[in-house]
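Fold and contact review
Chain by chain, the residues run as shown.
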Amino acid sequence: MTSSVSTGTGMPPAEVDIDAELVRHLLASQAPHWANQDIAYLATGWDNEVYRLGAELVVRLPRRELGEAIGLKERRWLPQLAAETGLPIAMPVFVGRPAPRYPFTFSICPYVPGRSAATVDRRRRDGYAGEFAQYLYRLHQPAGAAAPSSEFRGVGLAALDAKTRGQIAALDSPLQGPAQVLWSQALSAAPHDKAPLWLHGDPHPHNTVITEQHGRCQLAALIDFGDLCAGDPASDLGMLWMHFSAEATASAFEGYGAQPGSDLWQRSRGWALRYAMLTATLAEEDPLGRIGRQTLQLLLAGGQRRK
């Protein structure tokens, strides 16, 4: 249930200081049966810091107020999502309270063995393309009217047009023309006109845990449901370009049940362009930044072959 995004340029600053001593203090006062377990720093994400707790658990602590809101949303909706989709979604086993030294709630969650998919190259990631497509297919079930919505995930692309064109204008000149063509094609596609579907919201490679067997990458879990919402599945499917080669992306769409060139595919490419432009601005040493820059090249240099 935790991401392993490393600290890098572009990450919002923390609003609270967190270290292993604070984690042990919180456990000693609220969950003393775990207080003597080994505690080790694991990762810093945009919204949370994560510490290993023994061999089977992690402690996930918001590093800023937005992380608190994300934790509350996950705890509210993940049990329902798991029940409605049948997917194995790890849930918190303990919820900690704010304390004098720490202002937010925090979660103790199962540790998902494996590694971030962002740490392996694109061709190796192709190995789990079919599993990833099937996971999204099972996840994308109709959501109830009370399901959370988002202003920047799962919405109609027209609502993001002005901002996206501003991002395109900031690209290097040779990329602007192909990006404008791709975005116009995405806007021209028929919109999602069915019931809003459950969406992960942010299924990028750093929120994907993989294992390797016999040299082949396999999907272990999708983690960090902080952007969970309901809407157009193209929002999630745009991440296929962030994960895979052009060939594996096409195969994943077919496995999902959508043909390359369809309206869903066109809208998904629009989302892929947005994700690539956003992550391409991250630091050179950030794996997600490298993936974003590679995805831009995939979409704008070779991605015009399919229309």
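About the cut-offs
Residues numbered from 1 in each chain as written. Predicted model: local features only at pLDDT ≥ 70, side-chain atom pairs only at ≥ 80, totals over all residues. Heavy atoms only, no water. Axes fitted to C-alpha atoms, helices over the stretch in contact; angles between N-to-C directions. Helix = DSSP H or I, 4+ residues; strand = E, 2+ residues; numbered from the N terminus. Parallel < 35°, antiparallel > 145°, perpendicular 65-115°, else oblique. Left-handed = near helix turned anticlockwise from the far one by under 90°. Contact = heavy atoms within 4.5 Å. Nonpolar A, V, L, I, M, F, W, Y, C, P; charged D, E, K, R; others polar. Pairing = 2+ DSSP bridges. Salt bridge = Lys/Arg side-chain N within 4 Å of Asp/Glu carboxyl O. Buried < 20%, exposed > 50% of the residue type's maximum accessible area, 1.4 Å probe, protein only. 1 Å grid on protein atoms, 1.4 Å probe; cavity = no way out; pocket = protein on both sides within 12 Å on 5 of 7 lines; lining within 4 Å. Points joined across faces, edges and corners; volume = space filled by probe spheres on them.

Now for the packing of helix α5 (residues 161-169) against helix α6 (residues 173-188). The description of two packed helices rests on the angle between their axes and on the distance between the axes. At a minimum axis distance of 9 Å, the contact between α5 and α6 shows a crossing angle of 165 degrees. Classified by the angle their axes make, α5 and α6 are roughly antiparallel. As for the relative orientation of α5 and α6, their crossing is right-handed in sense. Contacts from Asp 161, Thr 164, Arg 165, Ile 168 and Ala 169 in α5 reach Gln 176, Ala 179, Gln 180, Trp 183, Ser 184 and Leu 187 in α6. The residue makeup of the contact of α5 with α6, split by class, is five nonpolar, four polar and two charged.

Before going further, it helps to examine the sheet that holds strand β2 (residues 48-53). Paired through backbone hydrogen bonds, the strands of a sheet run either parallel or antiparallel to each other. Sheet architecture is open: five strands sit in the order β1-β2-β3-β5-β4, paired in antiparallel fashion. Whereas interior strands pair on both sides, the edge strands pair on one side only; in this sheet they are β1 (39-44) and β4 (94-96). Neighbour to neighbour, the strand axes of the sheet diverge by 25 degrees on average, direction disregarded. Where β2 lies against strand β3 (residues 57-62), six bridges are found, and the strand directions are antiparallel. Among the inter-strand pairings, Asn 48 is bridged to a residue of β3, identified as Pro 62. Its contacts with the sheet put helix α2 (residues 65-85) on β2, β3, β4 and β5 (106-110), and the angle it makes with β3 is roughly 130 degrees.

Taken as a whole, this structure holds 14 salt bridges when the rule is applied. Of the charged contacts in the structure, one is a salt bridge between Arg 60 and Glu 74, with a shortest N-O distance of 2.5 Å. With Arg 60 in strand β3 and Glu 74 in helix α2, the pair connects residues that are 14 residues apart, well separated along the chain. Given the relative accessible area of 6%, Arg 60 is considered buried. Residue Glu 74 is classed as buried on the basis of its relative accessible area of 3%. The closest approach of N and O atoms between Asp 161 and Arg 165, which form a salt bridge, is 2.8 Å. Of the two residues, Asp 161 and Arg 165 both sit in helix α5, four residues apart, roughly one turn of that helix. Salt bridges sharing common partners tie together Arg 60, Glu 74 and Asp 224.

Further remarks concern unusual backbone geometry. Phi at His 214 is positive, roughly 55 degrees, even though this residue is not glycine. Looking at where His 214 falls in the secondary structure, it is placed in the loop between β8 (208-213) and β9 (216-222). Positive phi is not limited to glycine here, since Asp 224 has a value of about 55 degrees.

Between α6 and helix α10 (residues 263-279), the least distance of the axes is 7 Å, while the angle of their chain directions is 135 degrees. The angle between α6 and α10 falls in the class oblique. When the axes of α6 and α10 are compared, the crossing they make is left-handed. For the pair formed by α6 and α10, the contact residues are Ala 179, Leu 182, Trp 183, Gln 185 and Ala 186 on the first element and Gln 266, Arg 267, Arg 269, Gly 270, Leu 273 and Arg 274 on the second. Its residues assigned to classes, the contact of α6 with α10 comprises five nonpolar, three polar and three charged.

Of the pockets and cavities examined, the largest pocket occupies roughly 980 Å³. Trp 46, Phe 152, Arg 153, Asp 202 and Asp 227 are the residues nearest the centre of the largest pocket, which is lined by 39 residues in total. Sorting the residues of the lining of the largest pocket by element identifies β2, α2, α5 and α10 as the ones contributing at least two each. Residue contributions to the lining of the largest pocket peak at five residues, all from α10. Residue classes in the lining of the largest pocket are distributed as 15 nonpolar, 13 polar and 11 charged.

A word on the pairing of β2. For β2, the buried fraction is high: five of the six residues fall into the buried class. Note that β1 and β2 share five bridges and pair antiparallel. Among the inter-strand pairings, Ile 39 is bridged to a residue of β2, identified as Leu 53. Remark: three residues form the turn of the hairpin made by β1 and β2, two consecutive strands paired antiparallel.

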